[in-house]
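Structure assessment
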Amino acid sequence: MADSTSSETAIANSLGSPKPEMGGGLPVIGYWAEKTLDLKGGLLWKTLLHKSACLSCAWGTGGQKGGFQNEDEENLQRCAKSVEAIASELMEAIPPHFFERFTLAELQNLNSMEADRLGRLSFPVIKRAHRDRYERISWDEVYEIVVRAFQKSPERLASYSSGRSSNEAAYLLQLLMRSLGSNNLADCSDLCHAPSTVGLNQVFGSGTSMVSLGDLKQSDCIVLIGSNAPANHPRLMNELIKLRDRGGKIIIVNPLIEIGLVKFASPAYPIKSLLKGSDIASHYIQPISGSDTAVFLGIQKVLLENNWIDYDFLRQYTEEWEEVIAQVQSLAWEDIIRTCGVSREELEIAAEMIGTSQRVVFAWAMGITQHSNAVDNIFSITNTALLTGNVGKEGAGTMPIRGHSNVQGFGSMGVTIRLKEEIMQALEKLLQRSLSRKMGYDTRALIEASDRSEIDTLLCLGGNIYAANPNLTQAKCALGKIETIIYISTKPNLGHFHGLAQKDTLILPVFARFENPHKTTTESGNNFVRLNDEGASHLSQKEGTELISEVELLAELADRLHGNDVINWRSLQDPQYVRQLIAQTIPNYEKIGEIDATNQEFTIPDRIFHTPKFPTPSGKAKMFVTPLPQLELPDIASFDLPTDTAQVIVLVLGTGRSYSQHNTVVYKDGDYYRGMPHRNCILMNPMDGDRAGFQEHQRVTVKGNAGKMEQVEIIYGQIREGSALMFYPEVNTIFSVPIDERCGTPAFKRVPVAVYS
Ligand SMILES: Nc1nc2c(c(=O)[nH]1)N[C@H]1C(S)=C(S)[C@@H](COP(=O)(O)OP(=O)(O)OC[C@H]3O[C@@H](n4cnc5c(=O)[nH]c(N)nc54)[C@H](O)[C@@H]3O)O[C@H]1N2
Ligand SMILES: Nc1nc2c(c(=O)[nH]1)N[C@H]1C(S)=C(S)[C@@H](COP(=O)(O)OP(=O)(O)OC[C@H]3O[C@@H](n4cnc5c(=O)[nH]c(N)nc54)[C@H](O)[C@@H]3O)O[C@H]1N2
Ligand SMILES: [Mo]
């Protein structure tokens, strides 16, 4: 919190509004009941029990003995978000003549929720140049058009992907692109955890979490930074509750007090937690948005002053630690405090908890990665972990909390512009040819290249490249300069209606994870490889349904492009063969080659570190000096406001998710837990409102550097002064933001806006 109080009672007392007093709780049960008892309830239960990884986040639920188990085979590990995600895939198909009836101009009027509610895609459609609508097309013609579109110069071909598809589909995608000579493998992780991957690789030589679920159960302190886990990773909440139960400490770092991080009522513990809730935060730090590096520098300074530094560990297992310590010593307290806006006392409390705990886990999400200094944020966290020796032992370490359910698998499968040389060489051996080393485009670079008319063909394996990007006017215009765009999707979204190519735009319908006619695999955020059973689609019996699996589609395309090359591409329509190639070429994934015979799911070796030996050239972890962030704000004049503006304030928006959405797909209006009744709201601190002369519920205009939103309702909440919150994708219309050049990730969490009326 902004003042120096820290006790839980203070936190609870400060939330005296009619808003909910805890996260989770009975509304979650209500939602379960509503969905599971309605007409589709049977189908929903069947899907929940299906043995496949949950669609929602990368926490990795959906175990060996059915859909409710986690990686430790604990039961009752499905959350309401899982139900939400499944229910949306269980919708009926869009009616056969739908696209004939509506023009794109009409479809462009739909909002995200309305677009999703149209239903499942079940037959391929195309929007041709100079036509005003999509029309149905045969799969034969699809392949003809797509094959032609791919016969272009390789650097003008690109793909974008989203982490819902399987490892097998991801592997095929990158193999196809690289075999054609293109490294333009943009991925949603560019907008998400790329800074974690880039930063952790430099420090530890490994870019994923080093903490397993088992480790988490042994830790006695968790530092949770920039994560709204109650909404986005609800299963993590059970681990937090258990940690508090065994006397452990939880430190939250977040400019906004998320009620579920103060108190959470977990349906997994009906007696102990569901009715009265469980305490989560032991200490809640509310820094200025984008100042996390300063928070950690401050914590490091206290650790140093109190001799809570593990010098033996530093000497034996790390490099460049002297520089980091020298920097911390040289920093003045007043500069640290001015930058992060957190008092020294509050930093001392946090540092003491970290310094006196035995096994600390540092976990983070988008509040850390979506900043222009994101990689420094990561370094400041890894430095804190290393200074206290909380790395390379059981129950401790660094844990990026991954987003999409298989986004990490996409990275492992080589869908990245930063492919490890070892994998590149293995792929060259497989394909018996040398592959291009030209740096590919990540998501932002792809939009920029498209805007310069340098892309002819874009294949999107899932996702919504249009609405996930900042500055939607630019995104639309850039995509409009691409000749052919192919969207492989399960459901319609804003991108299909706004992200139209110059010539042909195709939407190709595919099975969702639990519907594939074959087994697939996925990788969780904690490095666990899950084998997903084959399933069936509720749409398959319907007349006119022409769904296909992603693996089949990509292998068919590769076969038509390459014929019988050194690889028998067509045979890769059977994912068992794809798994053989993965086993041959992806380090530490060897066990996937036997998974069909053994059914043995596995943790990927050499990623969870229980000894302080790291896959870096020296075997030691490397530390990096982290500069204090420079957090200037543009002045009001630069917003070019109307001359009759009476009330105005410049705030920093953290743009993110409401409780009821999955990324660009909105399931429900409003956010119950934050007291926001609909999506056109701005959550701000009452002091900021007072300063500008606003009243709560007043309607205002919010203007960024690329557009404005009108009639936005002010909602007051426990957010740091100077910070505010709005929801994407809608808010992505009003701003462009800088990226962290080291990883390409946009500063979605530090968007300067003028709020005025
Ligand atoms: N139900 C559901 N689950 C999801 C998703 C979903 O949309 N819906 N999306 C999935 C994906 S792809 C991802 S990446 C994850 C996203 O999961 P999160 O990262 O939890 O989601 P965000 O909404 O981006 O918000 C992150 C938090 O960062 C805080 N924050 C903002 N600015 C700062 C800052 O400067 N410093 C700090 N310390 N905190 C800050 C916000 O207040 C917010 O609590 O969730 C995954 N799971
Ligand atoms: N302002 C702002 N912008 C952000 C963020 C933010 O916090 N703030 N977060 C960023 C982050 S972390 C991310 S990850 C991106 C998300 O960006 P994306 O991953 O590109 O977007 P999603 O909304 O998850 O994509 C949803 C679509 O995926 C398709 N889909 C669902 N399941 C499947 C499947 O199994 N197969 C296939 N082929 N398609 C499927 C459906 O058609 C659905 O409409 O957004 C980024 N943009
Ligand atoms: Mo994400």
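Cut-offs applied
- Residues numbered from 1 in each chain as written.
- Chains lettered and ligands numbered in written order.
- Predicted model: local features only at pLDDT ≥ 70, side-chain atom pairs only at ≥ 80, totals over all residues.
- Heavy atoms only, no water.
- Near = heavy atom within 4 Å.
- Polar contact = N/O pair within 3.5 Å; in protein donor to acceptor, adjacent residues only side chain to side chain.
- Helix = DSSP H or I, 4+ residues; strand = E, 2+ residues; numbered from the N terminus.
- Nonpolar A, V, L, I, M, F, W, Y, C, P; charged D, E, K, R; others polar.
- Domains from an automatic or database assignment.
- Contact = heavy atoms within 4.5 Å.
- Areas by Shrake-Rupley, 256 points an atom, 1.4 Å probe, with all protein chains shown as cover.
- Core = buried A, V, L, I, M, F, W, Y, C linked by side-chain atoms within 4.5 Å.
- Buried < 20%, exposed > 50% of the residue type's maximum accessible area, 1.4 Å probe, protein only.
- Pairing = 2+ DSSP bridges.
- Buried area = accessible area lost by both parts, 1.4 Å probe.
- Salt bridge = Lys/Arg side-chain N within 4 Å of Asp/Glu carboxyl O.
- Axes fitted to C-alpha atoms, helices over the stretch in contact; angles between N-to-C directions.

1. Description of the site of ligand 2
The local shell around ligand 2 holds 34 residues, among which Tyr 160, Lys 491, Glu 550, Thr 664 and Asn 732 are the closest. One nitrogen or oxygen atom from the main chain of Gly 463 is found 3.1 Å from an oxygen atom belonging to ligand 2. Note that a nitrogen atom of ligand 2 is positioned 3.5 Å from one of the side-chain N or O atoms of Thr 490. Looking at the shell around ligand 2, the elements with two or more residues in it are strand E15 (484-489) and strand E21 (648-656). Along the lines of polarity and charge, the residues of the shell around ligand 2 split into twelve nonpolar, 16 polar and six charged. Each of domain 2 (117-192 + 406-588) and domain 4 (636-756) contributes no fewer than three residues to the shell around ligand 2.

2. A word on the environment of Ile 636
Note on placement: Ile 636 falls in the loop between strand E20 (621-622) and E21. Along the sequence, Ile 636 and Ser 540 sit 96 residues apart, while their C-alpha atoms lie 56 Å from each other. If we skip the residues at most four places from it in the chain, Ile 636 touches Leu 641, Val 648 and Val 650.

3. What about the site of ligand 1?
The full set close to ligand 1 counts 31 residues, and Asn 228, Glu 258, Asp 292, Gln 661 and Asn 663 are the nearest of them. A distance of 2.7 Å is found between a nitrogen atom of ligand 1 and a side-chain nitrogen or oxygen belonging to Asp 292. In the environment of ligand 1, an oxygen atom lies 2.7 Å from a nitrogen or oxygen atom belonging to the backbone of Asn 663. Its free accessible area being 920 Å², ligand 1 has 97% of it covered by the protein chains. Secondary structure elements with two or more residues in the shell around ligand 1: helix H12 (229-232), helix H21 (366-369) and strand E22 (661-662). Split by residue class, the shell around ligand 1 holds nine nonpolar, 17 polar and five charged.

4. Observations regarding the nonpolar core
Ranked by internal contacts, the top residues of the largest apolar core, which has 105 residues, are Phe 204, Val 223, Leu 236, Ile 251, Ile 299 and Met 399. The biggest single contributor to this core is helix H16 (residues 292-305), with eight residues.

5. Digging into the sheet that holds strand E8 (residues 263-265)
Reading across the sheet, the three strands line up as E1-E8-E9 and stay open at both edges, with mixed pairing between neighbours. With partners counted over all chains shown, the strands left at the sheet margins are strand E1 (23-24) and strand E9 (278-279), one partner each. One ladder, built from two bridges, connects E1 with E8; its direction is parallel. The partner of Gly 24 across the bridge, within E8, is Ala 265.

6. As for the domain arrangement of the chain
Assigned domains within the chain: domain 1 (5-89), domain 2 (117-192 + 406-588), domain 3 (194-402) and domain 4 (636-756). Placing a centre on the C-alpha atoms of domain 1 and another on those of domain 3 gives a separation of 25 Å. In this assembly, 27 residues from domain 1 lie in contact with 36 residues from domain 3. Between domain 1 and domain 3 the total buried area reaches about 2400 Å² when both faces are included, carbon and sulfur atoms providing 67% of it. On the surface where domain 1 and domain 3 come into contact, there are zero salt bridges. Put simply, the parts of the chain that give the side of domain 1 that touches domain 3 at least two residues each are helix H1 (8-13), E1 and helix H2 (26-37). It is H2 that contributes the most residues to the side of domain 1 that touches domain 3, three residues altogether. Considered class by class, the residues forming the side of domain 1 that touches domain 3 number twelve nonpolar, eight polar and seven charged.

7. Re the sheet that holds strand E27 (residues 723-727)
Pairing is mixed around the closed barrel formed by six strands, whose spatial order is E21-E27-E24-E26-E25-E30. Adjacent strand axes in the sheet meet at a mean angle of 45 degrees, parallel and antiparallel pairs treated alike. Summarising the sheet, E21 and strand E30 (residues 751-756) pair through six bridges and their orientation is antiparallel. The residue of E30 that forms the bridge with Ile 649 is Val 755.

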